[in-house]
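Each chain is listed here by its residues.
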Amino acid sequence: VTLSREENCNDKTSSANNHAQIEVIILLESPGGSASDYGLAASQIGRLRDEPNVSVTICVDKVAASGGYMMACMSSPGRLYAAPFAVLGSIGVIGTAINVHNVLQKWGVRPLVFRGGKDKAPVGTIGEVTKEGMAKVQDMIDKTHAAFKRHVVSARPAMAPHVEKVATGDVWLGQDALDVGLIDRIVTSDEYIGQRLREGARILKLTRYHKSKFPLFGGQRSGYGPPLDYASQALSRLPGSGLLSDFRRVVSKVADLLDELPETSSSDDKMNAMGNAFQAYGMSATGAQATSNNI
């Protein structure tokens, strides 16, 4: 996210018309997937792009193909950038299916398929494949492809005259993608962000961290923001903050000693081993147990 201040050229004397312009830079990398999933993601980018005083810049360093390009084309006008060897395009739709109907019949298995509605699952895994079913599936693919092309033209109106030429499912590298109008500029994300820094923009980076299963002993919290070492932060504010580290070492030493004892060792032998480990660190077994409970 970059923050910069722009002035309204129509009225520079009015402070009410001066506003902070927010630019959201999306580093996008995707080869595509489900049309429904990527269509929803593209709509979310469009919603952000339509916010007042917000522009959306999308940088593609590696690949934005098929559903990935469905998202990428939702950048603000003139703000879709790609690296020289990034792969873009693949404005097409594909559907695949495996049918084992004939194989089952050869083994004497008769598949039974019941439908409520003649167009329900026109081509399935075990049912007989018919010409009507194949035609229905192809019709669904064609309609999805047409919707994809309308989406691209709506997002990038300049592509309307030649969208049929690029909407063949083919892909282009960076410079070729620029020549056919799929992108607006050849530049890597690092180069563009560096440019914005030199221009004086303030840049905030949004990073996602995953939650540790045991955050007490150091880890990262879920959500967005800097990683947190919970144990070190909490203990640094308490007197005797080295106590937990000592206790960890004692527990580790006890575990090693118990592993070395024969399986026939008595409970007294095990207690003696634990006592020796605690004494090695100047602690008593009772004191160590109290420390464990407090933590």
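To keep things clear, this report deals only with the structure shown in the data block.

Reading the values: rules and limits
Residues numbered from 1 in each chain as written. Predicted model: local features only at pLDDT ≥ 70, side-chain atom pairs only at ≥ 80, totals over all residues. Heavy atoms only, no water. Helix = DSSP H or I, 4+ residues; strand = E, 2+ residues; numbered from the N terminus. Buried < 20%, exposed > 50% of the residue type's maximum accessible area, 1.4 Å probe, protein only. Contact = heavy atoms within 4.5 Å. Areas by Shrake-Rupley, 256 points an atom, 1.4 Å probe, with all protein chains shown as cover. Pairing = 2+ DSSP bridges. Axes fitted to C-alpha atoms, helices over the stretch in contact; angles between N-to-C directions. Core = buried A, V, L, I, M, F, W, Y, C linked by side-chain atoms within 4.5 Å. Polar contact = N/O pair within 3.5 Å; in protein donor to acceptor, adjacent residues only side chain to side chain. Expected span 1.5 Å × (residues − 1). Salt bridge = Lys/Arg side-chain N within 4 Å of Asp/Glu carboxyl O. Phe/Tyr/Trp six-rings, centres within 6.5 Å; stacked < 30°, edge-to-face > 60°. Lys NZ or Arg CZ within 6 Å of the ring centre and 35° of its normal.

### Quick look at the overall build of the protein
Okay, so step 1: Across its full length, the protein holds 11 helices and 11 strands.
Okay, so step 2: Every one of the 295 residues in the protein was classed for burial, and the buried ones make up 29%.
Okay, so step 3: In the protein, the share of contacts with a sequence separation of at least 24, taken over all contacts with a separation of at least 6, comes to 57%.
Okay, so step 4: Summed over its atoms, the accessible surface of the protein is roughly 19200 Å², and 54% of this surface lies on carbon and sulfur atoms.

### Quick notes on helix 7 (residues 189-198)
Okay, so step 1: By the burial criterion, the buried members of helix 7 are Ser189, Tyr192, Gly194, Gln195 and Arg196.
Okay, so step 2: Directly beyond the C-terminal end of helix 7, a positive phi value near 95° is found at Gly200.

### Quick look at the sheet that holds strand 7 (residues 171-173)
Okay, so step 1: Taking strand neighbours across the sheet as the criterion, the three strands line up as 4-6-7 in an open arrangement whose pairing is mixed. Strands at the two margins of the open sheet, each flanked by one partner only, are strand 4 (63-65) and strand 7. Averaged over all neighbouring strand pairs, the angle between strand axes comes to 30°, with direction disregarded.
Okay, so step 2: Summarising the sheet, strand 6 (residues 87-89) and strand 7 pair through three bridges and their orientation is antiparallel. Note on strand 7: the bridge partner recorded for Val87 is Leu173.

### Notes on the nonpolar core
Okay, so step 1: Core analysis: the largest hydrophobic core is formed by 31 residues, its most contacted members being Ile58, Val60, Tyr69, Ala72, Leu88 and Ile91.
Okay, so step 2: When residues of this core are traced back to their parent elements, those giving at least two are helix 1 (35-49), strand 3 (54-60), helix 2 (67-72), strand 5 (80-82), helix 4 (131-155) and helix 5 (163-166).
Okay, so step 3: Residue contributions to this core peak at four residues, all from helix 2.
Okay, so step 4: Apart from residues lying up to four places away in sequence, Ile91 is in contact with Tyr69, His145, Phe148, Lys149, Val152, Val166, Ala167, Thr168, Gly169, Asp170 and Leu182.
Okay, so step 5: One finds Ile25, Tyr81, Val187 and Tyr192 within the second-largest nonpolar core, a separate group that totals five residues.

### Considering unusual backbone geometry
Okay, so step 1: Positive phi values are uncommon outside glycine, yet Asn53 reaches one of about 65°.
Okay, so step 2: For Asn53, a relative accessible area of 38% corresponds to the partly exposed category.
Okay, so step 3: Despite not being glycine, Ser90 shows a phi value in the positive range, around 55°.
Okay, so step 4: On the secondary structure map, Ser90 appears in the loop between strand 6 and helix 3 (101-106).

### Description of the side chain of Gln21
Okay, so step 1: In this fold, Gln21 is placed in strand 2 (residues 19-27).
Okay, so step 2: A polar atom in the side chain of Gln21 sits 3.5 Å from the backbone oxygen of Asn53.

### A word on helix 4
Okay, so step 1: With 25 residues, helix 4 should reach 36 Å at 1.5 Å per residue; the first-to-last C-alpha distance of 36 Å fits that figure.
Okay, so step 2: Inspection of helix 4 places Gly133, Ile141, His145, Phe148, Lys149, Val152 and Ala155 among the buried residues, and these make up the whole buried set.
Okay, so step 3: Against helix 1, helix 2 and helix 5 lie the buried residues of helix 4.

### Some points on the pattern of salt bridges
Okay, so step 1: Applying the stated criterion across every chain, the model contains nine salt bridges.
Okay, so step 2: Among the salt bridges present, the one from Arg79 reaches Glu23, with a minimum N-O distance of 3.1 Å. A residue pair is termed long-range when its members are at least 10 positions apart, and Arg79 in the loop between helix 2 and strand 5 and Glu23 in strand 2 qualify at 56 residues.
Okay, so step 3: The class of Glu23 is buried, set by a relative accessible area of 3%.
Okay, so step 4: A salt bridge links Asp139 to Lys143; the nearest nitrogen and oxygen atoms lie 3.3 Å apart. Taken together, the residues Asp139 and Lys143, both in helix 4 and four residues apart, mark about one turn of the helix.
Okay, so step 5: For Asp139, a relative accessible area of 29% translates into the label partly exposed.
Okay, so step 6: Overall, the relative accessible area of 51% leaves Lys143 in the exposed class.

### Re the packing of aromatic side chains
Okay, so step 1: Within the structure shown, the criterion is met by one aromatic pair.
Okay, so step 2: One residue, Arg185, lies across the ring of Tyr81, its end atom 5.5 Å from the ring centre.

### Overview of the side chain of His101
Okay, so step 1: Looking at the element boundaries, His101 is found in helix 3.
Okay, so step 2: Ignoring anything within four residues of it in the chain, the contact list for His101 reads Pro111, Thr125, Ile126, Gly127 and Glu128.

### Here we look at the environment of Asp176
Okay, so step 1: Summarising the element assignment, Asp176 is placed in helix 6 (residues 174-179).
Okay, so step 2: Considered as a pair, Asp176 and Leu88 are 88 residues apart in the sequence and their alpha carbons are 9.3 Å apart.

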